[in-house]
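# Descriptive analysis of the structure
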Amino acid sequence: VLALPVLFKQALENTEMEEGKSVSLRCELTKADATVVWKKGEAALQASAKYEMKRKGTVAELVIHNAEPEDA
């Protein structure tokens, strides 16, 4: 059986943020069971008080709390 690759149905978009507020980044995938790893550069982000990872079906979301210019 040939497995189809996971593709983006909706890719990430640049988002304006206000310093000190929360910002949400979303993408949609073609498979609900695909593994998602959020990265900043080469470093994988881990869930914490600052980074909240959500998943609902094919939609993956990263919420950055208390956003700072360094989060760009």
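Attention in this report is confined to the structure presented alongside it.

Cut-offs applied
- Residues numbered from 1 in each chain as written.
- Predicted model: local features only at pLDDT ≥ 70, side-chain atom pairs only at ≥ 80, totals over all residues.
- Heavy atoms only, no water.
- Pairing = 2+ DSSP bridges.
- Helix = DSSP H or I, 4+ residues; strand = E, 2+ residues; numbered from the N terminus.
- Axes fitted to C-alpha atoms, helices over the stretch in contact; angles between N-to-C directions.
- 1 Å grid on protein atoms, 1.4 Å probe; cavity = no way out; pocket = protein on both sides within 12 Å on 5 of 7 lines; lining within 4 Å.
- Points joined across faces, edges and corners; volume = space filled by probe spheres on them.
- Nonpolar A, V, L, I, M, F, W, Y, C, P; charged D, E, K, R; others polar.
- Core = buried A, V, L, I, M, F, W, Y, C linked by side-chain atoms within 4.5 Å.
- Buried < 20%, exposed > 50% of the residue type's maximum accessible area, 1.4 Å probe, protein only.
- Contact = heavy atoms within 4.5 Å.
- Salt bridge = Lys/Arg side-chain N within 4 Å of Asp/Glu carboxyl O.

### Examining the sheet that holds strand 6 (residues 59-64)
Backbone hydrogen bonds hold the strands of a sheet together, and the pairing may be parallel or antiparallel. Judged by pairing direction, the sheet is antiparallel, and its 4 strands sit side by side in the order 1-2-6-5 without closing on themselves. Both edges of this open sheet fall to strand 1 (8-10) and strand 5 (51-56), since each of them pairs with a single strand only. Direction aside, the axes of adjacent strands within the sheet are offset by 30° on average. Relative to strand 6, strand 5 is paired through 6 bridges, and the arrangement is antiparallel. By the bridge assignment, Tyr 51 is partnered in strand 6 with Ile 64.

### So, the layout of surface pockets
Considered as a void within the structure, the largest pocket measures approximately 360 Å³ in volume. What lines the largest pocket is a set of 17 residues, among which Leu 25, Leu 62, Ile 64, Asp 71 and Ala 72 lie closest to the centre. Looking at the lining of the largest pocket, the elements that each hand over two or more residues are strand 2 (23-29), strand 3 (39-40) and strand 6. Tallied by class, residues from the lining of the largest pocket come to 10 nonpolar, 3 polar and 4 charged. A volume near 180 Å³ is recorded for the second largest pocket. For the second largest pocket, the full set of lining residues is Val 6, Leu 7, Phe 8, Ala 11, Leu 12, Cys 27, Leu 29, Thr 35, Val 36, Val 37 and Trp 38. A breakdown of the residues in the lining of the second largest pocket according to their chemical character gives 10 nonpolar, 1 polar and no charged.

### A short note on the nonpolar core
Val 23, Cys 27, Trp 38, Leu 45, Tyr 51, Ala 60, Leu 62, Ile 64 and Ala 67 together form the largest nonpolar core, which totals 9 residues. Contributions of two or more residues to this core are made by strand 2 and strand 6. For this core, the element with the most residues is strand 6, which contributes 3 residues. The residues contacting Ala 67, other than those within four sequence positions of it, are Met 17, Glu 18, Glu 19, Gly 20, Lys 21, Val 23 and Lys 50.

### A closer look at the pattern of salt bridges
In the structure shown here, the tally under the stated rule is 5 salt bridges. With a closest N to O distance of 3.5 Å, Lys 50 and Glu 68 form a salt bridge. Separated by 18 residues along the polypeptide, Lys 50 in the loop between strand 4 (43-44) and strand 5 and Glu 68 in the segment after strand 6 bring together distant segments of the chain. Using a relative accessible area of 34% as the deciding quantity, one classes Glu 68 as partly exposed. When salt bridges that share partners are traced, they join Lys 50, Glu 68 and Asp 71 into one network.

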